[in-house]
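The lines below spell out each chain.
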Amino acid sequence: MDIPDCSERTVLLTGGTRGIGRFAARKLCAAGATLLLVGRNAERGEATVERMRRAGADAVFLRYDLATQSAVRDLAADVRDRVDRLDALVNNAGLARGNRSRTEENVPTTVAVNHLAPYLLTHELMPLLADSAPSRVVVTASGVHERASLDRTDLDLTGPYEGFDAYARTKLMNVLFVYELADRLRGTDITAAAVHPGFIPSSGLYRDSSVWVRAVMRFLSILPIGQSVEDGGLALAHVACSDEVADAPGHYFDGTDPADPAPAAEDADLRRALWDRSAELVGVDPAWPTVQRKV
Ligand SMILES: NC(=O)c1ccc[n+]([C@@H]2O[C@H](COP(=O)([O-])OP(=O)(O)OC[C@H]3O[C@@H](n4cnc5c(N)ncnc54)[C@H](OP(=O)(O)O)[C@@H]3O)[C@@H](O)[C@H]2O)c1
């Protein structure tokens, strides 16, 4: 499958140093996009953009570890300095940790990277996205969000912790975030979309998971079961660039196809509770975005 022409589009993609993000980045560049690729590993990031530049792409690597809120804010400032338009913000970086490490802001790292970083980065770049409309915000969620539930009194997961369950709950947060954002952006030319790229046991996602999860994923990738990194990367590039996405009635994509998310996505109270708690955790006014509606 080919993705549509992306020339004239500037795309910021996080988690582009390996896995589906790296493949999506190549596809987006091959389709003509100007790419800002974010990752925390300089060697892998520079090698990735160098390869794309040799193929004629306009790509730059930005090194930021999205686990800390100061780094997310610095990244947004860096982006605002570098470009005067942003057509797509693709929040793809993610991890699935077996243990509950905490960031310097005392948030579980899984929550910080998978949910709070997309929330804060989208907040910080919303004025640029609004000035660049039609534009879009994409979050790489996962089908595992359907197995997750969230405790309204513990939205930052301070209670009992199991690595894979915590991962699934952050992926539900991605879907809730996108649905609430889409609701708040209704009537504007900014689209919000969450994508399930497929089940891809061969990506690097599970490398910090428990021994048990790592063993299962290794076994499944040998069989092979699930999708390939290339399939997932193509789906992500499609949702980042295709015009069909802006016209779709919903905001969730299974691969390249519009799909229904878990019923929790329609739970307006839960969505708002997560939005407000996230705003509190990153220190922003929850009354965002304030984007002019189309007349
Ligand atoms: N694999 C699956 O089955 C699957 C299914 C559904 C959804 N997803 C989602 O797809 C997305 C990409 O995952 P993947 O499968 O491609 O995994 P991956 O191969 O591990 O890639 C994850 C990317 O995120 C980056 N990243 C992780 N922590 C970061 C941090 N603190 N700051 C900046 N970048 C960070 C990684 O950078 P480094 O190179 O520095 O580690 C890497 O580029 C994730 O959001 C994941 O939840 C995956």
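Residues numbered from 1 in each chain as written. Predicted model: local features only at pLDDT ≥ 70, side-chain atom pairs only at ≥ 80, totals over all residues. Heavy atoms only, no water.

### A short note on the site of the ligand
Phase 1 of the analysis: For the ligand, the set of nearby residues contains 33 residues, the closest of which are T17, R44, Y167, S203 and R207.
Phase 2 of the analysis: Interatomic distance of 3.1 Å between a side-chain N/O atom of R18 and an oxygen atom of the ligand.
Phase 3 of the analysis: With respect to the ligand, the backbone of I20 contributes an N or O atom lying 2.9 Å from an oxygen atom.
Phase 4 of the analysis: When the residues that make up the shell around the ligand are grouped by side-chain class, the tally is 14 nonpolar, 13 polar and six charged. (Near = heavy atom within 4 Å. Polar contact = N/O pair within 3.5 Å; in protein donor to acceptor, adjacent residues only side chain to side chain. Nonpolar A, V, L, I, M, F, W, Y, C, P; charged D, E, K, R; others polar.)

### Section: the sheet that holds strand β7 (residues 252-254)
Phase 1 of the analysis: Here we have eight strands laid out as an open sheet, ordered β3-β2-β1-β4-β5-β6-β7-β8, and mixed in their pairing. The open sheet has two edge strands, β3 (58-63) and β8 (257-258), and neither has a second partner.
Phase 2 of the analysis: Note that strand β6 (residues 190-196) and β7 share three bridges and pair parallel. Residue pairing for β7: A194 is matched across the bridge by Y252.
Phase 3 of the analysis: Each of β1 (10-14), β2 (34-39), β3 and β5 (135-140) touches helix α1 (residues 19-30); the most contacted strand, β1, lies at about 170° to it.
Phase 4 of the analysis: Taken strand by strand, helix α5 (residues 163-184) contacts β5, β6 and β7, and its axis lies near 160° from that of β5. (Pairing = 2+ DSSP bridges. Helix = DSSP H or I, 4+ residues; strand = E, 2+ residues; numbered from the N terminus. Contact = heavy atoms within 4.5 Å. Axes fitted to C-alpha atoms, helices over the stretch in contact; angles between N-to-C directions.)

### Considerations on the nonpolar core
Phase 1 of the analysis: Of all hydrophobic cores here, the largest spans 67 residues; its most connected members are L12, V79, L125 and L181.
Phase 2 of the analysis: Elements represented by at least two residues in this core include exactly β2, α3 (69-82), α4 (109-131), β5, α5, β6, α6 (211-222) and α9 (268-282).
Phase 3 of the analysis: Element by element, the count of residues in this core is highest for α5, at 13 residues.
Phase 4 of the analysis: Not counting the four nearest positions on each side in its chain, L181 is found in contact with T122, M126, V137, A192, W275, W288 and P289.
Phase 5 of the analysis: Among the nonpolar cores identified, the runner-up in size contains 35 residues, and L28, A59, V138 and A193 belong to it. (Core = buried A, V, L, I, M, F, W, Y, C linked by side-chain atoms within 4.5 Å. Buried < 20%, exposed > 50% of the residue type's maximum accessible area, 1.4 Å probe, protein only.)

### Concerning the side chain of T110
Phase 1 of the analysis: With respect to the secondary-structure elements, T110 resides in helix α4.
Phase 2 of the analysis: Relative accessible area serves as the criterion here: at 2%, T110 is assigned to the buried category.
Phase 3 of the analysis: Engagement of the side chain of T110 in a polar contact is seen with the side chain of Y161, the distance being 3.0 Å.
Phase 4 of the analysis: Leave out the neighbours within four places in its chain, and T110 touches L95, R97, H115, Y161, A166, Y167 and T170.

### What about the state of the cysteines?
A covalent bond between the sulfur atoms of two cysteines is what we call a disulfide.
Phase 1 of the analysis: Tallying each qualifying case throughout the model produces one disulfide.
Phase 2 of the analysis: With its sulfur 1.9 Å from that of its partner, C6 forms a disulfide with C241. You can see C6 sitting in the segment before β1 and its partner C241 sitting in helix α7 (residues 229-241), a full 235 residues away along the chain. When sorted by exposure, C6 lands in the same class as C241, which is buried.
Phase 3 of the analysis: Looking at the unpaired C29, the closest cysteine sulfur is the one in C6, lying at 9.4 Å.
Phase 4 of the analysis: Judged by its relative accessible area of 9%, C29 is buried. (Disulfide = S-S within 2.5 Å.)

### Considerations on the packing of aromatic side chains
For any pair of aromatic rings, geometry is given as the distance between the ring centres together with the angle between the planes.
Phase 1 of the analysis: Summed over the entire model, instances satisfying the criterion amount to seven aromatic pairs.
Phase 2 of the analysis: Ring centres of Y119 and W275 lie 5.2 Å apart, and the angle between their planes is 75°; on these two criteria the pair is classed as edge-to-face. Of the two residues, Y119 sits in helix α4 while W275 sits in helix α9, which places them 156 residues apart along the sequence.
Phase 3 of the analysis: Classification of Y119 by relative accessible area gives buried; the value is 0%. (Phe/Tyr/Trp six-rings, centres within 6.5 Å; stacked < 30°, edge-to-face > 60°.)

### As for the pattern of salt bridges
A side chain of one charge can pair with a side chain of the opposite charge if their charged atoms are brought near each other.
Phase 1 of the analysis: Across all of its chains, the model carries 14 salt bridges by this definition.
Phase 2 of the analysis: Close ionic contact of R85 with D87 constitutes a salt bridge, the shortest N to O distance being 2.5 Å.
Phase 3 of the analysis: What makes R85 partly exposed here is its relative accessible area of 33%.
Phase 4 of the analysis: The partner of R186 in a salt bridge is D183, with the nearest N and O atoms 2.4 Å apart.
Phase 5 of the analysis: D183 gets classed as partly exposed once you look at its relative accessible area, which sits at 30%. (Salt bridge = Lys/Arg side-chain N within 4 Å of Asp/Glu carboxyl O.)

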